[in-house]
Structure formats: C-alpha cells, structure tokens
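Commentary on secondary and tertiary structure
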Amino acid sequence: MFIQHNNLTIRNATSKDAFTLCKWWNDGKVMEHAGFPNGLGTSEEVIIQQLSGDTDEFHRRLIIEIDEVPVGEMNYSNNGNGIAEIGIKICDFSKQEKGHGKKLLSMLINDLFKDFGYKKIVLDTNVNNLRAQHVYEKLGFQKLRVNVDVWKNQLGELQSSIDYELEEKDFIYYFD
C-alpha cells in the first residue's frame, strides 16, 4: 500500500522500519494507551520477523510519514466477510492534535473501501481515549458497545474499551 496526499504518506512497513518501530513499541509513553505503560520489550529481530509475514490479504503494518519523516504507524487486518479492522498511533507527540489523524484515517479508510473492496471497518479504543473517539465519530464510525473492565494493562489495572464500526455509506471523507 502506498497512499499520498500533499505532505502525508501511508506506506507499507518494511524491515528498514524495524529500528523505528522498536523504539516506539518499547516506549511506555507511546504504548500506554494500548495497555503497555512499560513498553513491549521487543527487539528489531522480532519485528523484522513479524513484518515478513505481512500481506495485503491478511494483515499489514503501515508507516505514517509527514514531510517524508516517519511519525507513527497504522495497521489493518482482514477479519473476513468484507470486514477490516484498523488501528492508528501517531508516535511523535509533536505531531498529535494537529488534525493529521483524521486525514490519515480518511486516506486509509477510503483506500480500504475503494481499492480493497471492504464493506465495513471496525476498531476499538480505550474508553479514556476521548480524542480518538471524537475523531472516529467525526468520520462516521458508530459506537457499538462499551466493554467495561474487560482486560488488564501491564500494571494489572482493569481497562475498558469501546467497539466502533463504519460502513461505507456512513463514511465522512475528511480533507480540507
């Protein structure tokens, strides 16, 4: 996958990105929202191995670039029956809260609907991630359910999540 709009790029992650992904994934501040406040404790070698299994048909990790500089990651998985599950993380905190996430999600979702033929996009987010919820709802995602105290983070603290879904007819493509 390669999607570009102005200074924003979404591209397939490659083994050359393993160093950057390792840095992000091992950073507790970056990974806290995903339940890993101590980071993942992974290695470049493990990441390279994981990336080697990525395919467009099943699962793909993606790198987000702004002005050709990696600032975060996205991913999608084929859940079957025309359903893709997605995720996004802007890892460079200086690039957050600038509207990039909404644009990047629009780019990815549009591509998944138009070029890959998915009929529905699903995702989940931590109930405390209000900023993400706002973005998802602006793009047309519908809240399906709140899952209260369903998993524990690395520190053993109970966490809750929200499940969202988006059908193509409800997608609000965002670009200024």
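In the block above lies the structure referred to throughout.
Residues numbered from 1 in each chain as written. Predicted model: local features only at pLDDT ≥ 70, side-chain atom pairs only at ≥ 80, totals over all residues. Heavy atoms only, no water.

What follows deals with helix α4 (residues 100-114). For α4, spanning 15 residues, the distance from its first C-alpha to its last is 21 Å, which sits close to the expected 21 Å at 1.5 Å a residue. Burial within α4 is extensive, with 13 of its 15 residues counted as buried. (Helix = DSSP H or I, 4+ residues; strand = E, 2+ residues; numbered from the N terminus. Expected span 1.5 Å × (residues − 1). Buried < 20%, exposed > 50% of the residue type's maximum accessible area, 1.4 Å probe, protein only.)

Summed over the entire model, instances satisfying the criterion amount to eleven salt bridges. Where salt bridges share partners, they join R11, D17 and E65 into one cluster. (Salt bridge = Lys/Arg side-chain N within 4 Å of Asp/Glu carboxyl O.)

Applying the stated criterion across every chain, the model contains six aromatic pairs. Through pairs of rings, three or more aromatic residues link up here, namely F113, F171 and Y173. Positioned above the aromatic ring of Y174, the side-chain terminus of K102 is 4.2 Å from the ring centre. (Phe/Tyr/Trp six-rings, centres within 6.5 Å; stacked < 30°, edge-to-face > 60°. Lys NZ or Arg CZ within 6 Å of the ring centre and 35° of its normal.)

Quick look at the sheet that holds strand β2 (residues 8-12) now. Within the open sheet, the eight strands sit side by side as β1-β2-β3-β4-β5-β6-β8-β7. Their pairing is mixed. Each of the sheet's edge strands pairs with one partner strand only, and the pair in question is β1 (2-5) and β7 (142-152). The mean angle between the axes of side-by-side strands here comes to 25°, regardless of whether they run parallel or antiparallel. Its contacts with the sheet put α4 on β1, β2, β3 (59-66), β4 (69-80), β5 (83-90), β6 (120-126) and β8 (158-167), and the angle it makes with β5 is roughly 155°. (Pairing = 2+ DSSP bridges. Axes fitted to C-alpha atoms, helices over the stretch in contact; angles between N-to-C directions. Contact = heavy atoms within 4.5 Å.)

A separate point is the side chain of N12. Following the sequence through the fold, N12 ends up in strand β2. Of the polar contacts made by the side chain of N12, one reaches the backbone nitrogen of M1; its length is 2.7 Å. Excluding anything up to four places from it in sequence, N12 contacts M1, D17, R60, R61, L62 and I63. (Polar contact = N/O pair within 3.5 Å; in protein donor to acceptor, adjacent residues only side chain to side chain.)

A few words now on the packing of helix α1 (residues 18-25) against helix α3 (residues 44-52). Put simply, α1 and α3 touch, their axes get as near as 9 Å, and they point 115° apart. Accordingly, the angle class assigned to the pair α1 and α3 is roughly perpendicular. Of the two possible hands of crossing, α1 and α3 adopt the one that is right-handed. Of the residues in α3, those touching α1 at A18, F19, L21, C22 and W25 are E44, I47, I48, Q50 and L51. Here the residues of the contact of α1 with α3 sort into eight nonpolar, one polar and one charged. (Parallel < 35°, antiparallel > 145°, perpendicular 65-115°, else oblique. Left-handed = near helix turned anticlockwise from the far one by under 90°. Nonpolar A, V, L, I, M, F, W, Y, C, P; charged D, E, K, R; others polar.)

Any functional reading would require information beyond the geometric quantities listed.
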